[in-house]
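# Structural description and commentary
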Amino acid sequence: MSLISAAMASVGLALLVGIGSYAILALALAWMPLKGAAATIVPFLVPSGLKPYLLQSELGPALAAAAGTLPYIALYAFVGWQVFRTRDA
C-alpha cells in the first residue's frame, strides 16, 4: 500500500488502487491452483511474504529473506525518485 501511495498524487485514489490490487491479487490466487514451485514463489509478490522468514532464528532463511528485500528497496527508491522528480520539476 505504501508503494502505491507514493506513486499516486491523491490519497483516495491510492486507497482505491491499493485495495483494488490486493483484491484482484487475492481473487486471482484463489482461482489458480498453486502446486510445487509456484506455491512457494507467489507469497513473495507482496512484501509481507518475507516476514516469516525474517523472524526465524535460523540464519540461512533470514539472510535469504533479507536479500529478497533488495528488489523491494530498489522498487521503492525508483518510485520515490520518479515522484519527487515530477513534483519538484
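An account of the accompanying structure is given in this report. Note that this is a predicted model, so its numbers are computed, not measured.

So, how was this worked out
- Residues numbered from 1 in each chain as written.
- Predicted model: local features only at pLDDT ≥ 70, side-chain atom pairs only at ≥ 80, totals over all residues.
- Heavy atoms only, no water.
- Helix = DSSP H or I, 4+ residues; strand = E, 2+ residues; numbered from the N terminus.
- Rg over C-alpha atoms; globule rule 2.2 N^0.38 Å.
- Buried < 20%, exposed > 50% of the residue type's maximum accessible area, 1.4 Å probe, protein only.
- Contact = heavy atoms within 4.5 Å.
- Areas by Shrake-Rupley, 256 points an atom, 1.4 Å probe, with all protein chains shown as cover.
- Expected span 1.5 Å × (residues − 1).

### Some words on the overall build of the chain
Each helix and strand counted, the chain has five helices and zero strands in total. Listed by position from the N terminus, the elements making up the chain come as α-α-α-α-α. In terms of overall dimensions, the chain is more spread out than a globule: its C-alpha atoms have a radius of gyration of 16 Å, far above the 12 Å expected for 89 residues. Taken over the C-alpha atoms alone, the chain extends approximately 45 × 35 × 20 Å along its principal axes. By the burial criterion, 13% of the 89 residues in the chain qualify as buried. In the chain, of all internal contacts separated by at least 6 residues, the share reaching a separation of at least 24 is 35%. Carbon and sulfur atoms form 75% of the exposed surface of the chain, whose accessible area is close to 6,500 Å².

### Observations regarding helix α5 (residues 59-87)
Between the first and last C-alpha of α5 there are 42 Å, a value that for 29 residues agrees with the 42 Å anticipated at 1.5 Å per step. Burial in α5 covers these residues: A62, A65, Y72, V79, G80 and V83. On its buried face, α5 is in contact with α1 (2-7) and α4 (51-54).

### Quick word on the environment of Y22
Inspection of the secondary structure assignment puts Y22 in helix α2 (residues 11-31). By relative accessible area, Y22 is classed as partly exposed at 37%. For the pair Y22 and W81, spaced 59 residues apart in sequence, the C-alpha to C-alpha distance is 24 Å. Dropping the residues within four chain positions of it, Y22 is found in contact with M1 and V46.

### Topic: the environment of G80
Note that G80 resides in helix α5. By relative accessible area, which is 19% here, G80 ends up buried. Taking C-alpha positions, G80 is 25 Å from A64, a pair spaced 16 residues apart along the chain.

These figures capture arrangement, not role.
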